[in-house]
Amino acid sequence: MRTTELVDGFRQSTPYVNAHRGKTFVVMLGGEAVDQPGYRSIINDVALLTSLGIKIVLVFGARPQFDTALANAGIHSEFHNQIRVTDGDSLQIIKQVSGAMQLDITAMLSMSLSSTPMSGTSLNVVSGNFVIAQPIGIDEGVDYHHSGRVRRIDVEGIRHQLDNNSIVLLGPISASVTGESFNLTAEEIATQVALRLDADKMLGFCHEAGILDEHGEAVAELMPNEAEKLLATEHGGNSPCKSAAVFLHAAIDACRGGVHRCHLVSYREDGALLQELFSLDGIGTQIAPQSSEQLRSATISDINGVLNLLRPLEEQGYLVRRSREQLEMEIEQFTVIERDGVIIACAALYPFPEEQVGEFASLAVHPQYRDADRGSFLLRSVINKARRKGYRALFALTTRSIHWFLEQGFDCASIEDLPAKKKSLYNYQRRSKVLKLDLTRLPKNRERV
């Protein structure tokens, strides 16, 4: 990596370092990831997150390891409703495998060699009876024996350890109030811990680079209802891989229960976890709850709402005044954010297809909603729309918001850089500054925090 790339990447990550500091993340590490060559790097990256002030609960699974160990012992596992039936003989093997994996993960997180992220520091890894289990019992005539589900979680105990800068490590074996051991799924433990801790994020790993579209590209974001539709076609040609499907089921429950973001990345991509959390474009798939705000293209019925946003800014000289008739002709160029039936923000993309550029204009946000950076969100939406049209650049004209555009990545330009049609309409009395954003140099944009 060139020095400039390193510096640019470091600078780009800074806002996310600040945003994530002090937050609680639940990381679900399936057994499939443990068998990969990059497994040690994933553990190192988890340790790095802790060094950045993020509170980590690491939940590991071991399905493939259990399968191998049971097969070597000559034990055939029965499954019912995709849950392993854990009899007494199976439980003994499973406890040995789980215990060994817990010790190995603890050892790797304890490394402080100069070649690791925790060089020169010490990291406490805490395991214990934070999760209390109960038996599944008998379902449809099938006795699950020692397969269990979560009964209770010691939330205060986990928070106490996280507040002491420890990583809490949880495996699939949990004890019950009767002193028995039960085999639980990692996804249930991760989901329930995330919900009861009010975690900010839940993160998981799969074989692919997240959820892939028909072109093999990672889908940037899914809502829970979209994830459900995808799982309904689980056996289709574009269905998620098994580890991705497992995480999607967990993420749907987590998001609907109050977890703000769930992220799915590949365990084969070195540094995927860090790229997803600390870069503008990310690298995997984000699952986010359905928002009360809707981003959509404007229609003629939105005229009054858009006018109510634009008029005050026009009167203050921030925007050029547009008549209602002109706005009606241009309304299809607008994107709006609607909240509970009210238009609270808008922006327009005016096309200049001959030069393969567009104008970002008429950005307006309701005064009560200016503290959540909706302007930047609208800009990202317009950027994506411009890219779909094949535009290579965006330009903007402004008299009072120059610094905001510079903060968004625009560069100062001149009147000569404007498309010919726009140049002929330039108002020399208004003396607006010209700013330009090169779309060919930007990564894919999405809402990340």
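These numbers come from a predicted model, not from an experiment. (Residues numbered from 1 in each chain as written. Predicted model: local features only at pLDDT ≥ 70, side-chain atom pairs only at ≥ 80, totals over all residues. Heavy atoms only, no water.)

Colleague: Can you help me understand empty space enclosed by the protein in this one?
Modeller: Leftover empty space is mapped by rolling, across the atoms, a probe with the size of a water molecule. For the structure on display, the rule yields one cavity of 30 Å³ or more. Each pocket or cavity is described by its volume, and for the largest cavity that value is around 40 Å³. Around the largest cavity, the lining residues are Val357, Ala393, Leu394, Phe395, Asp417, Pro419 and Lys436. It is strand β21 (residues 393-398) that contributes the most residues to the lining of the largest cavity, three residues altogether. When the residues that make up the lining of the largest cavity are grouped by side-chain class, the tally is five nonpolar, no polar and two charged. (1 Å grid on protein atoms, 1.4 Å probe; cavity = no way out; pocket = protein on both sides within 12 Å on 5 of 7 lines; lining within 4 Å. Points joined across faces, edges and corners; volume = space filled by probe spheres on them. Helix = DSSP H or I, 4+ residues; strand = E, 2+ residues; numbered from the N terminus. Nonpolar A, V, L, I, M, F, W, Y, C, P; charged D, E, K, R; others polar.)

Colleague: For this particular structure, what's the right way to read the sheet that holds strand β23 (residues 433-438)?
Modeller: What holds strands together in a sheet is hydrogen bonding between their backbones, with the strands either parallel or antiparallel. With respect to topology, seven strands assemble into an open sheet ordered β17-β18-β19-β20-β21-β23-β22, the strand pairing being mixed. With partners counted over all chains shown, the strands left at the sheet margins are β17 (293-297) and β22 (411-413), one partner each. Along the sheet, successive strands turn relative to each other by an average axial angle of 30°, direction set aside. Contacts between helix α11 (residues 303-315) and the sheet are confined to β18 (334-339), β19 (342-352) and β20 (357-365), with β19 contributing the most and set at about 80° to the helix. (Pairing = 2+ DSSP bridges. Axes fitted to C-alpha atoms, helices over the stretch in contact; angles between N-to-C directions. Contact = heavy atoms within 4.5 Å.)

Colleague: Explain the pattern of salt bridges to me, please; I cannot follow it from the model alone.
Modeller: Side-chain pairs of opposite charge can arise whenever the charged atoms involved come near each other. Counted under the stated rule, the structure contains 15 salt bridges. For Arg159, the salt bridge identified is with Asp198, shortest N-O distance 3.9 Å. Here Arg159 is found in helix α6 (residues 155-163), whereas its partner Asp198 is found in the loop between α7 (186-197) and β13 (201-206), with 39 residues between them in sequence. With relative accessibility at 30%, the residue Arg159 sits in the partly exposed group. For the salt bridge of Arg321 with Glu314, the shortest nitrogen-to-oxygen distance reads 3.7 Å. (Salt bridge = Lys/Arg side-chain N within 4 Å of Asp/Glu carboxyl O. Buried < 20%, exposed > 50% of the residue type's maximum accessible area, 1.4 Å probe, protein only.)

Colleague: Sorry, what's going on with the packing of aromatic side chains here?
Modeller: Here the distance between the centres and the angle between the planes together describe a pair of aromatic rings. Taken as a whole and assessed by the stated rule, the structure comprises six aromatic pairs. Look at Phe405 and Phe410: their rings are 5.1 Å apart centre to centre, the planes differ by 85°, and that puts the pair in the edge-to-face class. Across the pair, Phe410 and Phe405 agree in class, each one buried. Taking 4.8 Å as the distance between ring centres and 80° as the angle between the ring planes, the aromatic pair formed by Tyr426 and Tyr428 counts as edge-to-face. Residue Tyr426 is classed as buried on the basis of its relative accessible area, which comes to 12%. Grouping aromatic residues by their ring pairs yields a cluster made of Phe360, Trp404, Phe405 and Phe410. Here Arg400 stacks its cationic end above the ring of Tyr318, 4.9 Å away from the centre of that ring. (Phe/Tyr/Trp six-rings, centres within 6.5 Å; stacked < 30°, edge-to-face > 60°. Lys NZ or Arg CZ within 6 Å of the ring centre and 35° of its normal.)

Colleague: Teacher, can you tell me more about the packing of helix α8 (residues 224-232) against helix α9 (residues 242-257) here?
Modeller: Each pair of packed helices can be described by the angle between their axes along with the distance between the axes. In the contact formed by α8 and α9, the axes pass within 10 Å of each other and the chain directions differ by 150°. Here α9 runs roughly antiparallel to α8, going by the angle between their axes. Here the hand of the crossing between α8 and α9 comes out left-handed. Contacts from Pro224, Asn225, Ala227, Glu228, Leu230 and Leu231 of α8 reach α9 at Ala245, Leu248, His249, Ile252, Cys255 and Arg256. Classifying every residue of the contact of α8 with α9 gives eight nonpolar, two polar and two charged. (Parallel < 35°, antiparallel > 145°, perpendicular 65-115°, else oblique. Left-handed = near helix turned anticlockwise from the far one by under 90°.)

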